[in-house]
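Here is what each chain is made of, one letter per residue.
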Amino acid sequence: MDCIGLLKIIRDSHGNERIPNFVAFTDSDEILIGQEAKDQVLDNLPNTIFDLKRLIGRKFTDPTVQSSIKFWPFKVVAGNHDKAMIVVRHKGFEKLFSPEEILSLILMRLKDIAEESGLKTVTNVVITVPTFFNDSQRQATKDAAKLAGLNVLRLINESSAVLNRELFYRCEKAVEECLYVSKITACYVQEVILAGAGSQLIKPLLEEIFNGDSRISEGIDPYTAVVQGAAIEAAILSGFGAVGKFDEFSPSRLAIDDPDITLVPRNTKIPGKFSTCFTSSINRESGCSIGISEIENEGTDSRDYHRLGKFNLHTVPPSSAVVPLELGCSVDINRIFSIAHVKDKILKHKVTWGSNTERFTAEEMDDMLRTAEEIRTAGNQVKRGKQVKRLLEMFVHEFFPEHGSSVLCKNLDPGALRKIQEVAGWLLARSKQVL
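Now for a description of the structure that goes with this document. (Residues numbered from 1 in each chain as written. Predicted model: local features only at pLDDT ≥ 70, side-chain atom pairs only at ≥ 80, totals over all residues. Heavy atoms only, no water.)

Attention shifts here to the overall build of the chain. Check the secondary structure of the chain and you find 10 helices and 20 strands. Just so you have it, the chain exposes about 24800 Å², and 54% of that area is on carbon and sulfur atoms. (Helix = DSSP H or I, 4+ residues; strand = E, 2+ residues; numbered from the N terminus. Areas by Shrake-Rupley, 256 points an atom, 1.4 Å probe, with all protein chains shown as cover.)

Now for the sheet that holds strand E3 (residues 48-49). Pairing within the open sheet is antiparallel, and its three strands lie in the order E2-E1-E3. Every other strand in the sheet has two partners, leaving strand E2 (31-33) and E3 as the edge strands with one partner each. Pairing of strand E1 (residues 23-25) with E2 involves three bridges; the strand directions are antiparallel. Each bridged residue has a counterpart across the sheet, and for Phe 25 the counterpart in E2 is Ile 31. (Pairing = 2+ DSSP bridges.)

On to helix H4 (residues 135-147). An α-helix turns once per 3.6 residues; consequently, residues spaced three or four apart project the same way. Between its terminal C-alpha atoms H4 stretches 19 Å, which fits the 18 Å expected from 13 residues at 1.5 Å a residue. Among the 13 residues that make up H4, 11 are buried, leaving the element largely enclosed by the rest of the structure. Inspection of H4 places Asp 135, Ser 136, Gln 137, Arg 138, Gln 139, Ala 140, Thr 141, Asp 143, Ala 144, Ala 145 and Leu 147 among the buried residues, and these make up the whole buried set. Looking at where H4 begins, the residue whose side-chain oxygen comes 3.1 Å from the main-chain nitrogen of Ser 136 is Asn 134. Of the residues flanking the end of H4, it is Gly 149, one or two places downstream, whose phi is positive at about 80 degrees. (Expected span 1.5 Å × (residues − 1). Buried < 20%, exposed > 50% of the residue type's maximum accessible area, 1.4 Å probe, protein only. Polar contact = N/O pair within 3.5 Å; in protein donor to acceptor, adjacent residues only side chain to side chain.)

This paragraph deals with unusual backbone geometry. At the junction of Ile 270 and Pro 271, the peptide bond is cis and its omega measures out at 10 degrees in the coordinates. Structurally, Pro 271 is set in the loop between strand E14 (268-270) and strand E15 (272-281). The backbone of Asp 51 sits at a positive phi, close to 60 degrees, despite the residue not being glycine. Looking at the element boundaries, Asp 51 is found in the loop between E3 and helix H2 (63-69). Among the residues examined, Asp 51 registers a relative accessible area of 31% and is labelled partly exposed. Of note in this structure, Asp 82 is not a glycine but carries a positive phi near 65 degrees. Position of Asp 82 relative to the elements: it lies in the loop between strand E4 (75-78) and strand E5 (84-90).

What follows is about the layout of surface pockets. Sizing a probe to match a water molecule and rolling it over the atoms shows the empty space that remains. Space inside the second largest pocket adds up to approximately 780 Å³. Secondary-structure elements contributing two or more residues to the lining of the second largest pocket are E2, helix H3 (99-116) and helix H8 (362-399). It is H8 that contributes the most residues to the lining of the second largest pocket, 10 residues altogether. A per-class count over the lining of the second largest pocket returns nine nonpolar, five polar and 12 charged. (1 Å grid on protein atoms, 1.4 Å probe; cavity = no way out; pocket = protein on both sides within 12 Å on 5 of 7 lines; lining within 4 Å. Points joined across faces, edges and corners; volume = space filled by probe spheres on them. Nonpolar A, V, L, I, M, F, W, Y, C, P; charged D, E, K, R; others polar.)

Here strand E12 (residues 253-256) shows a buried face lined by Arg 253 and Ala 255 and a second buried face lined by Leu 254 and Ile 256. Two strands pair when backbone bridges link them, and E12 and strand E13 (residues 261-264) are joined in this way by three bridges, in the antiparallel orientation. Paired with Ala 255 across the strands is Thr 262, a residue of E13.

Turning our attention to the packing of aromatic side chains. Any two aromatic rings considered together are summarised by their centre-to-centre distance and by the angle between their planes. Summed over the entire model, instances satisfying the criterion amount to four aromatic pairs. Arranged with centres 5.3 Å apart and planes meeting at 20 degrees, the rings of Trp 72 and Phe 74 form a pair that is stacked. Here Phe 74 falls in the buried class, since its relative accessible area comes to 4%. These aromatic residues form a ring-pair network of at least three members: Phe 22, Phe 50, Trp 72 and Phe 74. (Phe/Tyr/Trp six-rings, centres within 6.5 Å; stacked < 30°, edge-to-face > 60°.)

This brings us to the sheet that holds strand E6 (residues 93-97). Overall, antiparallel pairing links the three strands, which are arranged E4-E5-E6 in an open sheet. The two strands at the open ends of the sheet, each matched to only one other strand, are E4 and E6. Each adjacent strand pair in this sheet contributes to an overall mean axis angle of 40 degrees, direction not counted. On the sheet, H3 packs against E5 and E6 and is oriented at approximately 95 degrees with respect to E6. (Axes fitted to C-alpha atoms, helices over the stretch in contact; angles between N-to-C directions. Contact = heavy atoms within 4.5 Å.)

This part takes up empty space enclosed by the protein. Reported here for the second largest cavity is a volume of approximately 70 Å³. Asp 135, Ser 250, Ser 252, Leu 254, Glu 294, Leu 308, Val 331, Arg 335 and Phe 337 together form the lining of the second largest cavity. Per-class residue counts for the lining of the second largest cavity are four nonpolar, two polar and three charged.

Lys 59 provides the closest opposite charge to the buried, salt-bridge-free Asp 82, at an N-O distance of 5.3 Å. When near neighbours in sequence (up to four residues on either side) are disregarded, Asp 82 contacts Lys 59, Phe 60 and Thr 61. (Lys, Arg positive; Asp, Glu negative; His and termini not counted. Salt bridge = Lys/Arg side-chain N within 4 Å of Asp/Glu carboxyl O.)

Another aspect to go through is the side chain of Asn 134. Assignment of secondary structure puts Asn 134 in the loop between strand E7 (124-130) and H4. In this structure, Asn 134 is in contact with Glu 294, Glu 296, His 306 and Arg 335, ignoring residues within four places of it in sequence.

The final tally for this structure, using the stated rule, is seven salt bridges. When the shortest N-O distance is used, the salt bridge between Glu 30 and Lys 386 registers 2.3 Å. Taking relative accessible area as the criterion, Lys 386 reaches 41% and is therefore assigned partly exposed.

All right, on to the environment of Leu 254 then. Mapped onto the elements of the fold, Leu 254 is located in strand E12. Accessibility expressed as a relative area gives 6% for Leu 254, which makes it buried. For the pair formed by Leu 254 and Pro 265, sequence separation is 11 residues and the distance between their alpha carbons is 6.6 Å.

Structural data, given as structure tokens:
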């Protein structure tokens, strides 16, 4: 938002409001991002990365990753703890990058575009993510922002749909469920605003629910709606010329694995703190291990359990086979889960919490931060080199326009003129090499 509180969408150097989520690696120091990467995709398929939403925060063995690998031209392999890692060839060597590192390059580019438009140094951001992103995918997005030198004030949901007929109808069912939970019928809804990727694809299905009338709004570009929502939220969080707030709800249920006990119900308003009491049968020799999962696609045949972590009870006396427990947790505004406390209410046993091994270790994050800084430095050098080359081309063009020589040449010393001619020849040779 600008100084008088008006929303302003910043365009890149090509005049585009959106940049494609493409990143391409080359044999030089240069890494192409956005439109430049997309334009050369057919000439550099194995080293051009896209479709990050289907990769970030997922394991290599995740069904979504495995089904998508068949169609991606780039190579994806299993890394530590079964993390999905991307293989590219860069500067003549084969390298492994995490999806978080690739996303960080796109975020760096967006940061540069914002700062080049006249903004001061950008450090705090609000990022939109698909509603279906789970805890791991949201945390991975925050990790990518950290690698890009950005602090995430908040992750907010964008309304999105996937280019799959079965999932379109699941979206339709979600709307019907929303109406049911709200205890209203479709005739009481004044307007439906579509926002996010694929919005127009689900419009025919929604028209059936709302009897084909004009309440489904087309008066706003869906991508613009998402960006403006993020900008308004950033202004609110920064205390800058905006009032109100966005309410967030947990679209999936958090539960204790065995027995299946709900910890955070689906559609619960967040952020918040939650707790529940339960009993668990414990092996007298080894104690017990109890998992916490985020349950996705509940009510469908493809119900998924996404393990967030587990806690363990140790040194259980032989006299205790069943132990009453109290588990407390919190879910922040970004929909990221953390354990607040686990209490053995009677025997006060030692309790340890093991977080999800999908997260990067501190050492791995440090390594990626170093790599990101190296890439940022190399990128700045390439950028400065291009700027100097453009200035040099303009200088040479002053002396040698397209038709004949300029008046300036007549006043030059023959030695200086010869040097300028050499530079002009070098620039022409370089341009032919690029072509």
